Amino acid sequence: MTHEEIIREIIAPSGTSRAAERSQLLQYLCQIQHQCSYIPGDAITQLATRLQMPASEIQGLIGFYAFLHEQPRGDYDILLSDSISDHLLGSRLLLQQLCNRLGVAPGVPRADGRVTVDTTSCTGICDQGPAMLLNGRVISRLTDRRIDHICALIEASTAVTQWPAEFFQVDDNIRRRDLLLSEETAAATMDGKALRVLLETDGNAILDVIEKSGLRGRGGAGFRTGMKWRFCRQAESDSRYVVCNADEGEPGTFKDRVLLNSYADSVFEGMTLCAGVVGASRGYLYLRGEYRYLLEPLQAVLRQRREKGLLGQCILGKDGFDFDIEIHLGAGAYICGEESSLIESLEGKRGIPRNRPPFPVTHGYLNQPTVVNNVETFMAAAKIAVLGADWFRQAGTPESTGTKLLSICGDCERPGIYEYPFGVTIKQVLEDCGAVNTQAIQVAGAAGTTLPVADNGRRIAFEDVSTGGSFMVFNNDRDLLDMVQNFSHFFVHESCGFCTPCRVGGSLLKNLVDKLVNGHATHYDVGEMKQIGSLMKRASHCGLGSTAPNPVLDLLNHFPQLVESRLAHSGYEPAFDLDAALQEARDITGRDDPGAHIRTET
Amino acid sequence: MSSKNTFMLDGVAIEFSEGDTIMDAALRSGSYIPHLCHNPEFRPHGSCRVCVVNINGRQVSSCTQPASAGLEVDNSSEDLVQERRNLLQMLFVEGNHVCPGCEKSGACQLQAVAYYTGMLSPQYTHFFPQRSVDASHPDTAIDFNRCILCELCVRASRDVDHKDVFSISGRGIGSHLVVNSPSGKLGDSAFAATDKAAHVCPVGAILPKHRGYEQPIGSRLYDRSPISIVGDVAAHESDDQGDTHGR
Amino acid sequence: MADKIRVATASLCGCFGCHMSLLDIDERILELVQLVEFDRTPLTDIKTVGDCDIGIIEGGVANAENVEVLREFRKHCKVLVALGACAVNGGIPAMRNSFELRECLEEAYIEGIGVANPQIPSDPEIPMLLNKVHPIHEVVKVDHFLPGCPPSGDTIWTFLTELIEGKPIGFPYEQIHYD
Ligand SMILES: Cc1cc2nc3c(=O)[nH]c(=O)nc-3n(C[C@H](O)[C@H](O)[C@H](O)COP(=O)(O)O)c2cc1C
Ligand code: SF4
Ligand code: SF4
Ligand code: SF4
């Protein structure tokens, strides 16, 4: 098919309202990008006409999402995962190797249009990295041999469908099972059991059980799930929505990937349960673009559920219990994991966090009451409905009931998924995953907390060390500054740009971290970092900006000797490399005399 | 109005009506909270963060925070003023603000708020971004070097002019204003100098052509009195036009 | 009376307007010279800066020589002051930062109107240009900033008297402006 035909097919009028089509915009763009390797100007014009919206707004969308491009990418579009967990496994050398072998510079398509190589934020394959996305599909466990093999396949123009299947293998790596993942409870949410409980009792009864269980959101913030559902149920409206947050963008987090791969039915069961409780007839799973490879299997699960009468009209034969789920893809924007950005993105817009109040429970998707929960939260809710509040409360602490899935990676022998009762000590976790010679642990990802190993008596719980799932281990041979630098760059890349402290402050902070890494930072710069960091924490519009300085501030607070050892000895260092700033003039004039250089001051 | 509907702003009781934000109520009562992206004629935006205030040890943007009875709002502590100054400094280093060469100087809200907070220097490291000037329109020029992404022009063109001439593209530090026209140039767009969008820019990014430096130094909008007394530049723009857009 | 306060001044990449403004404090200059004595300044003829209490810099940092002078000042002055828009944020000269250095030089020395012998000078006597013009705080630590293009004589006077009297630095509203 030509691009024109592809575009025509993708954006063919669906017969729904313009507003409904408008909220499909991002989905149209994702499909066009996927099939054409870019969004041709023609497609923008056609979409603008069809949806009666300014073309510049569509361009604004493309400019916002990292996976959308107005210029063609290579036939083979490679994005190497650039998380610190990939770095620990040697990804930076592999990037070089890839670029050298293919003769490309990062981000620039090769002249023959065959290939582009670029980096992307954490792809969530941290337990079997380094990883890359090839035309949107994950390739795991990269080694120099695998890279050579990939280069050969590309040079031979081998169709991706012909590539060795093991390249694309992504394992679950479940290492410890507890309440949610145990074999005994596996059947609990199968075949619509939770929905049957709902139909045997009623929404209020389910809400009571969920509230009694003490279940709190697993996406990070820990809001009480029962309360959220109740607010939504009570909100005035005739249409409500249930949204599953599968954006899983926090570096080092990959537990939702595993749940969606092997427990999707339970997750959808939880969403449907929620819909029955709050009275929603429509649900969305917002799947991060990095997990596009899960799209087909997830759609298959949805089909099966429809066939079994667990989705669609009159679920389980109950009149008026109508609910269906649609999967929306993200396109490379961490901020879209923030619930109000996610809703904007679902509506087909740039993922800019909304002003709150009002909150999504009253004014969410299309301004209607909406529950947004994490993948794990929905699964837990489904199990609780069947197995009861006491079953759930048998694990955990009074404040943090139940269990938590940790996705563990970094310097340990057995990276993977570990389900623990809340309250487990960090020491226990380190032992179980085979971490030795540990220097520090990064809990809850880039936005989380860096702890020196001396703090290993602390516990994973909302009231102590809280996490959405990420748990990264750094041993004594690692330079923690690499991590802090990687995270600062991550946040600059992922800031939505809406508010001043995060947009500008984040970049200033990143530059100061680079200065520190390069050995040019002074005590003065440390003071600047603290000041900018604290401003970002206090004044940012959303959680991204207010957590972005955490890695830097933790480094300065918990690892002062390390910082001290990396400071320049002078009292003040220029903000830029003075001698390098003369290079252009040297090139133009051909001068290289002493006057054509600036000494570093000693 | 009953005393139930008041909150305290720096120890002064401010009355509010249902639906007011802290900013709405403060401005109506004649109390000044510094702001850039806020303009009472438009829906609150909350992006510049210059209007942050302290409530119970938490910071909120007063332009988006609903007023509620009994709040104790700090709008003037030294820490807060310092914080606002830092935010302004960030905006200055993010763009290219060469005030001595800017037609808006003296009547620029970014400058005026910076004077108000006592900012003496941008002090951070300058980004010196490469940005352009769009002079394609016969009556109006855009100097992107000075855009602070307040989105007032976006809002005005969308909500008042119904023309959607402006949008934001990119993200993070790469966010930038774009013009809706085939060439991306203002001259090719539906923009007209009589549009509301031509009169809301708080800085010297959207400027009328063939004018400039009309007011002698010393008698410009903010030369003698601070913005807390003079008010927003956009409010004076409306006077200029003699139109009815004023509040 | 105690020893006089030693002051040095220099103009880097600026227009000398700030120095003119310094003279604009009019008859108060007489009061000033009671209190201070000048080390290196364009107003005296001292070529190297000695140990001083206050160093005042006009202009941004555009070339290697600017860097050198600025560093000398920082080394010898207890208090260093950025005087005027160019020292504070690069000012008008920093408008060249929107262009490549090569474009600027070609425009001036090759494509410029009436250029007799078009070539970009490369004499070792000529200070090498930095690729961008920077405010001085991006090169050395600066203790005080006085904005304005130029700062008014009043602003300078307020500052100097406060500094000399050891008071906190602060200005009346009309004395702060960036143009
Ligand atoms: C920058 C940012 C990114 C986030 N990313 C995610 C995410 O990827 N997945 C998620 O479940 N929650 C994420 N959250 C939290 C959501 O805003 C929201 O609290 C959560 O989805 C609610 O679900 P829960 O109560 O079940 O945890 C993020 C928050 C912020 C501020
Ligand atoms: S803090 Fe501000 S700029 Fe950063 S992501 Fe949130 S809204 Fe966007
Ligand atoms: S827009 Fe305002 S702050 Fe920017 S250069 Fe013009 S006058 Fe100065
Ligand atoms: S051009 Fe002016 S009004 Fe428009 S976003 Fe920029 S600063 Fe705001």
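Colleague: Let's hear about the interface of chain C and chain A: which residues, and what values?
Modeller: Counting from both sides, the interface comprises 24 residues of chain C and, opposite them, 22 residues of chain A. Interface area, chain C with chain A, both sides summed: about 2000 Å², of which 64% is carbon and sulfur. Where chain C packs against chain A, one counts 0 salt bridges. For the interface between chain C and chain A, the tally reads 8 residue pairs in polar contact (both at pLDDT 80 or more). Those elements that place two or more of their residues in the side of chain C that touches chain A are helix H3 (64-76), helix H5 (101-109) and strand S6 (129-134) of chain C. In terms of residue class, the side of chain C that touches chain A is built from 13 nonpolar, 4 polar and 7 charged.

Colleague: Which residues make up the packing of helix H4 (residues 41-51) of chain A against helix H5 (residues 55-64) of chain A, and what are the values?
Modeller: Residue and element names in this part refer to chain A. Closest axis-to-axis distance for the H4/H5 pair is 9 Å, and the angle between their directions is 125°. Taken together, H4 and H5 sit at an angle that is classed as oblique. H5 is crossed by H4, and the crossing has right-handed handedness. On the side of H4, the interface is formed by Ile44, Leu47 and Ala48, while H5 contributes Ala55, Ile58, Gln59 and Ile62. Along the lines of polarity and charge, the residues of the contact of H4 with H5 split into 6 nonpolar, 1 polar and no charged.

Colleague: Could you give me a rundown of the environment of A:His328, with the residues and numbers involved?
Modeller: All names here are of chain A. With respect to the helices and strands, the residue histidine 328 is situated in strand S8 (residues 324-329). Put simply, histidine 328 and leucine 259 are 69 residues apart on the chain and 17 Å apart in space, counted from C-alpha to C-alpha. Histidine 328 has contacts with Ser23, Gln24, Gln27, Tyr284, Leu285, Tyr286, Leu287 and Leu346, leaving out every residue within four places of it along the chain. Here glutamate 326 takes part through its side chain, which lies 3.1 Å from a polar atom of the side chain of histidine 328.

Colleague: I'd love a proper account of the side chain of C:His137, names of residues and values included.
Modeller: Tracing the backbone shows C:His137 in the loop between S6 and strand S7 (144-146). Of the residues examined, C:His137 reaches a relative accessible area of 5% and is grouped as buried. Ignoring sequence-local partners within four residues, the contact set of C:His137 consists of A:Tyr572, B:Ser121, B:Gln123, B:Tyr124, B:His126, C:Val88, C:Val142 and C:Phe145.

Colleague: I'd like to hear about the site of ligand 4, residue by residue, with values.
Modeller: Looking at ligand 4, the residues that line it are B:Cys147, B:Ile148, B:Leu149, B:Cys150, B:Glu151, B:Cys153, B:Leu177, B:Cys201, B:Pro202, B:Val203, B:Ala205 and B:Ile206. Of the residues contributing to the shell around ligand 4, the split by class is 11 nonpolar, no polar and 1 charged.

Colleague: Which residues make up the site of ligand 1, and what values go with them?
Modeller: Residue and element names in this part refer to chain A. Not every one of the 18 residues close to ligand 1 is listed here, only the nearest: Gly219, Asn245, Asn373, Asn374 and Thr377. One nitrogen or oxygen atom from the main chain of glycine 249 is found 3.4 Å from an oxygen atom belonging to ligand 1. Between an oxygen atom of ligand 1 and a side-chain N or O atom of asparagine 374, the distance comes to 2.7 Å. Summarising the interface, the protein chains cover 88% of the accessible area of ligand 1, which totals 600 Å² for the free molecule. The leading source of residues in the shell around ligand 1 is strand S9 (residues 370-374), at 3 residues. Classifying every residue of the shell around ligand 1 gives 3 nonpolar, 9 polar and 6 charged.

Colleague: Can you explain the nonpolar core? Please cite residues and give values.
Modeller: Ranked by internal contacts, the top residues of the largest apolar core, which has 224 residues, are A:Tyr65, A:Trp229, A:Leu287 and B:Phe166. In terms of residue count, helix H13 (residues 264-278) of chain A provides more of this core than any other element does, 9 residues in total. If we ignore the near neighbours within four places in the chain, the residues touching A:Tyr65 are A:Leu26, A:Tyr286, A:Ala331, A:Gly332, A:Ala333, A:Cys336, A:Ser345, A:Lys349, A:Arg350, A:Gly351 and B:Arg171. By size, the runner-up hydrophobic cluster in this structure holds 35 residues, among which are A:Ile598, C:Val67, C:Met128 and C:Val142.

Colleague: Can you explain helix H21 (residues 523-539) of chain A? Please cite residues and give values.
Modeller: Across its 17 residues, H21(A) extends 24 Å between first and last C-alpha, which sits within 8% of the 24 Å expected from 1.5 Å per residue. Those residues of H21(A) lying buried are A:Asp525, A:Val526, A:Glu528, A:Met529, A:Ile532, A:Gly533, A:Leu535, A:Met536 and A:Ala539.

Colleague: Give me the domain arrangement of chain A: which residues, what numbers.
Modeller: If you check the domain split of chain A, you get domain 1 (3-63), domain 2 (76-168), domain 3 (174-393), domain 4 (403-478) and domain 5 (481-565). The C-alpha-based centres of domain 1 of chain A and domain 2 of chain A are spaced at 28 Å.

Colleague: Break down the environment of A:Gln31 for me, citing the residues and quoting the values.
Modeller: All names here are of chain A. Within the fold, glutamine 31 resides in helix H3 (residues 25-36). In this structure glutamine 31 comes out as partly exposed when scored by relative accessible area, which is 36%. In this structure the C-alpha to C-alpha distance between glutamine 31 and isoleucine 6, which are 25 residues apart in sequence, comes to 9.2 Å.

Colleague: Explain the pattern of salt bridges to me, and be specific about the residues and the numbers.
Modeller: Residues and elements named next belong to chain A. Considering all chains together, one arrives at 59 salt bridges over all chains under this definition. One salt bridge connects arginine 356 with glutamate 338, and the closest N-O pair in it is separated by 2.7 Å. Remark: glutamate 338 occurs in the loop between S8 and helix H15 (339-346) and arginine 356 occurs in the loop between H15 and S9; sequence separation between them is 18 residues. By relative accessible area, glutamate 338 is classed as buried at 16%. One salt bridge in this structure joins glutamate 347 and arginine 354, with 2.9 Å as the shortest N-O distance. Like arginine 354, glutamate 347 is buried.

What counts as what
- Residues numbered from 1 in each chain as written.
- Chains lettered and ligands numbered in written order.
- Predicted model: local features only at pLDDT ≥ 70, side-chain atom pairs only at ≥ 80, totals over all residues.
- Heavy atoms only, no water.
- Contact = heavy atoms within 4.5 Å.
- Buried area = accessible area lost by both parts, 1.4 Å probe.
- Salt bridge = Lys/Arg side-chain N within 4 Å of Asp/Glu carboxyl O.
- Polar contact = N/O pair within 3.5 Å; in protein donor to acceptor, adjacent residues only side chain to side chain.
- Helix = DSSP H or I, 4+ residues; strand = E, 2+ residues; numbered from the N terminus.
- Nonpolar A, V, L, I, M, F, W, Y, C, P; charged D, E, K, R; others polar.
- Axes fitted to C-alpha atoms, helices over the stretch in contact; angles between N-to-C directions.
- Parallel < 35°, antiparallel > 145°, perpendicular 65-115°, else oblique.
- Left-handed = near helix turned anticlockwise from the far one by under 90°.
- Buried < 20%, exposed > 50% of the residue type's maximum accessible area, 1.4 Å probe, protein only.
- Near = heavy atom within 4 Å.
- Areas by Shrake-Rupley, 256 points an atom, 1.4 Å probe, with all protein chains shown as cover.
- Core = buried A, V, L, I, M, F, W, Y, C linked by side-chain atoms within 4.5 Å.
- Expected span 1.5 Å × (residues − 1).
- Domains from an automatic or database assignment.

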